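Listed below, chain by chain, are the residues.
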Amino acid sequence: MRPEFTGIAFQDPSKAESNIDRLAGRLAPGLAAPVASLLAHSPDPDGALNLLERYVLGAPQDVLKDLARHPTALTYLVAIFGYSTFLAESFFSDPSLPAQFARDRKFTKLKSREELMQDYARFATTHPDVWLSAQLARFKRRNYLRIVLKDVLGLSTLGETTLELSMLADVMLWNALIFCDLELEKRYGQPQYRDAQGRIVRSGFSIVSLGKLGGNELNYSSDIDLLFIFGDGGELPEAEISNREYFVRLAQQVTEILSRPTPEGPVFRIDLRLRPQGNEGELAVNLSHALRYYADTAHDWERQALIKVRYSAGDEKLARQFIHQMQPQVYTAEVNFAAIKTALLSREKIDRKRRSQVAQGQEGINVKIDRGGIRDIEFLVQCLQRVYGGSEPWLRSGGTLFSLHKLHDKRHISGRDFHELTQAY
């Protein structure tokens, strides 16, 4: 084996040697030492080398020349190849992408929702597709590549990573909503009502998120919890379909666009079970109905889920109105005994589920639902948010990590507990 690679702990040294020899025939000689150094720090040097060999043998000569001119591109290749076979496929379908990342001076920058919207507009122009689901899925994968690279190379914090994943999801929601709304409007006209001044105005529609997305803590494999709200207002008699029917169809089509299988996989797995009445309720509900439901009918755990409610797409004013009017249902000025009971019952339910799994032979450590795991921490923090959030509005932020910081600042949890909880989460 070439001397640069002798210190790497390959599981299959003979195959690694063959791969290295084939690389030497295609890569510039000066890249051998950087490749060896990168593989030595990879979590899976064998897998990374296999994929790198496949990439180099299939890449055009101009791309290989770009690797010599921009060695940072090699860092990106080996990092992805060592972490994600799924994301690696993007480099095979677009071999010039690593060099593009290396030339991008803003690569390490945290992108805002507005910048991601602009990126998608450019991407849609340069990568047209009659199938919106496939276009959105490709755009998502390209951005996941960028976000994963910043993550594994230590160029972004956990909070920045989950925030950017969440903003990217908002952009997917926005573009799916724009497309579906235009299609429905062509067919049925705008959904309208007559306001208090007698003017005919368009009815609002908003997508609010809950769960990980609502807390701006989306991870790479999260599904997204959504709630579709539309505005109040009397129907116009001449309308072809009612506003309710229009918005139910709109919610259905947005959901289908985002969850439809594509060659890149679905854009997202959509979970609508947190909507009023769960699976038995309509996909979209008007504002008044939603407010009545949470005030009079909802279980306390449903109100607790609204801790992480956040505006994601559509009519922002409508979403803000819903979120503001829901606050008294979630937080109270006095000690919230219902919140404490909800947390205890949730813990018991998780315990039963875990015991059932162990009985079926699923032993070992489950970081999500074992005691001290992610779910435990989330329910503890949400309980504390509801107990103290009535008098301390800062605790009403949906994000678990942010709320842990605020609880620590207010001395509601000790420094030691804060450190252990944040590390476990």
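Scroll up for the structure.
Position labels on residues start from 1 in each chain and follow its written sequence. Restriction of local features to residues with pLDDT of at least 70 applies here, the model being predicted, together with a cutoff of 80 or more for giving and counting side-chain atom pairs; totals for whole chains, interfaces and linings are based on all residues. Working from all heavy atoms in the structure, the side-chain values ignore hydrogens and water.

## Some details on the packing of helix α6 (residues 85–93) against helix α9 (residues 132–152)
Worth spelling out the cut-off: Fitting a line to C-alpha atoms yields each axis, with helices limited to the stretch in contact; the angle taken between N-to-C directions then spans 0 to 180 degrees. Secondary structure elements follow DSSP: runs of H or I no shorter than four residues count as helices, runs of E no shorter than two count as strands, and numbering proceeds from the N terminus. Orientation is classified from the angle alone, with under 35 degrees giving roughly parallel, over 145 giving roughly antiparallel, 65 to 115 giving roughly perpendicular, and any other angle giving oblique. If you view the pair so one helix is near and one far, a crossing is left-handed when the near helix is turned anticlockwise from the far one by less than a right angle, and right-handed when it is turned clockwise. Whether two residues touch is decided by their heavy atoms; if any such pair falls within 4.5 Å, the residues are in contact. Think of it as three bins: nonpolar holds Ala, Val, Leu, Ile, Met, Phe, Trp, Tyr, Cys and Pro, charged holds Asp, Glu, Lys and Arg, and polar takes everything else, Gly as well.
As a packed pair, α6 and α9 sit with axes 10 Å apart at the nearest point and diverge in direction by 115°. Comparing the axis directions of α6 and α9 gives the class roughly perpendicular. Note that α6 runs across α9; the crossing there is left-handed. Along the contact surface, α6 presents F86, L87, E89, S90 and F91, while α9 presents R141, Y144, L145 and V148. Partitioning the contact of α6 with α9 into residue classes produces six nonpolar, one polar and two charged.

## Overview of the pattern of salt bridges
Note the cut-off: Definition used for salt bridges: Asp or Glu carboxyl oxygen within 4 Å of a side-chain nitrogen of Lys or Arg. When a residue's accessible area, from a 1.4 Å probe over protein chains only, is under 20% of the maximum for its type it is buried; when over 50% it is exposed; and in between it is partly exposed.
Throughout the structure, instances matching the rule amount to 24 salt bridges. In this structure, R103 and D66 form a salt bridge, with 3.6 Å as the shortest nitrogen-oxygen distance. Of this pair, R103 sits in helix α7 (residues 97–103) while D66 is found in helix α4 (residues 61–69), placing the two residues 37 residues apart along the sequence. Its relative accessible area of 43% is what places R103 among the partly exposed residues. K109 is the partner of E115 in a salt bridge, and the nearest nitrogen-oxygen pair spans 2.7 Å.

## Focus on the packing of helix α3 (residues 45–58) against helix α5 (residues 72–83)
At a minimum axis distance of 8 Å, the contact between α3 and α5 shows a crossing angle of 125°. Regarding the angle of α3 to α5, the classification is oblique. The chirality of how α3 crosses α5 is right-handed. Where α3 abuts α5, its residues G47, A48, L51, L52 and Y55 lie against L74, L77, V78, F81 and G82. Within the contact of α3 with α5, the residues separate by chemical class into eight nonpolar, two polar and no charged.

## Examining the nonpolar core
Definition in use: Residues belong to one nonpolar core when they are buried, are Ala, Val, Leu, Ile, Met, Phe, Trp, Tyr or Cys, and are joined through side-chain atoms within 4.5 Å.
Judged by nonpolar contacts, the single largest core of 83 residues is most densely connected at Y55, F81 and F205. The dominant element in this core, judged by the number of residues it contributes, is helix α10 (residues 158–188), at twelve residues. The contact partners of F81, leaving out residues within four places of it in the chain, are G47, A48, L51, L52, Y55, A88, F91 and F92. Residues V208, V285, Y294 and V309 belong to the second largest nonpolar core, which totals 22 residues.

## Topic: the packing of aromatic side chains
Let me state the cut-off plainly: Aromatic pairing here means that ring centres of Phe, Tyr or Trp (its six-membered ring) are within 6.5 Å. Orientation follows from the plane angle: under 30 degrees is stacked, over 60 is edge-to-face, and everything else is tilted. Only when the NZ of Lys or the CZ of Arg is both within 6 Å of the ring centre and within 35 degrees of the ring normal is a charge said to sit over the ring.
Enumeration over the complete set of coordinates arrives at 17 aromatic pairs. Ring geometry for F91 versus F101: centroids 6.5 Å apart, planes at 70°, classification edge-to-face. Here F91 is found in helix α6, whereas its partner F101 is found in helix α7, with ten residues between them in sequence. F101 gets classed as buried once you look at its relative accessible area, which sits at 8%. Look at Y293 and Y294: their rings are 5.4 Å apart centre to centre, the planes differ by 80°, and that puts the pair in the edge-to-face class. Each member of the pair, Y293 together with Y294, is buried. Among the aromatic residues, ring-to-ring pairing joins Y55, Y76, F81, F91, F92, F101 and F107 into one connected group. It is R54 that lies over the ring of F92; its NZ or CZ is 3.8 Å from the centre.

## Focus on a positive patch on the surface
Definition in use: Here a patch means residues that are over 30% exposed by relative accessible area and free of salt bridges, tied together within 9 Å if like-charged and within 5 Å if nonpolar (Val, Leu, Ile, Met, Phe, Trp, Tyr). We get accessible surface area from the Shrake-Rupley algorithm with a probe of 1.4 Å; when it comes to residues, only the shown protein chains can shield them. For the purpose of counting charges, residues Lys and Arg are taken to be positive, whereas Asp and Glu are taken to be negative. His and the chain ends are not included. For the purpose of locating charges, the reference atoms are NZ of Lys, CZ of Arg, CG of Asp and CD of Glu.
Taken together, the side chains of K349, R352, K353, R355 and K368 make up a positively charged region of the molecular surface. Within the element layout of this structure, R352 appears in helix α16 (residues 337–359). On the accessibility criterion, R352 (48% relative accessible area) is partly exposed.

## Some thoughts on the layout of surface pockets
Stated formally: Computed over the protein atoms alone on a 1 Å grid, cavities are sets of points where a 1.4 Å probe fits but cannot get out and pockets are open sets with protein on both sides within 12 Å along at least five of seven lines; a residue lines them when it has an atom within 4 Å of a point. Grid points are joined across faces, edges and corners, and a volume is the space filled by probe spheres set on the points.
If you add up the space inside the largest pocket, you get close to 1500 Å³. Considering the residues around the largest pocket, the lining is formed by 43 residues, among which D225, K368, R375, E378 and F379 are closest to the centre. A per-class count over the lining of the largest pocket returns 13 nonpolar, 14 polar and 16 charged. For the lining of the second largest pocket, the secondary-structure elements that each account for two or more residues are α7, α8 (113–126) and α9. Looking at the lining of the second largest pocket element by element, the count peaks at six residues for α8.

## Digging into the environment of L236
Considering the arrangement of structural elements, one finds L236 in the loop between β4 (224–230) and α12 (243–259). By relative accessible area, L236 is classed as buried at 9%. In sequence terms L236 and R194 are 42 residues apart; their C-alpha atoms lie 7.3 Å from each other. Ignoring sequence-local partners within four residues, the contact set of L236 consists of Q192, Y193, R194 and I200.

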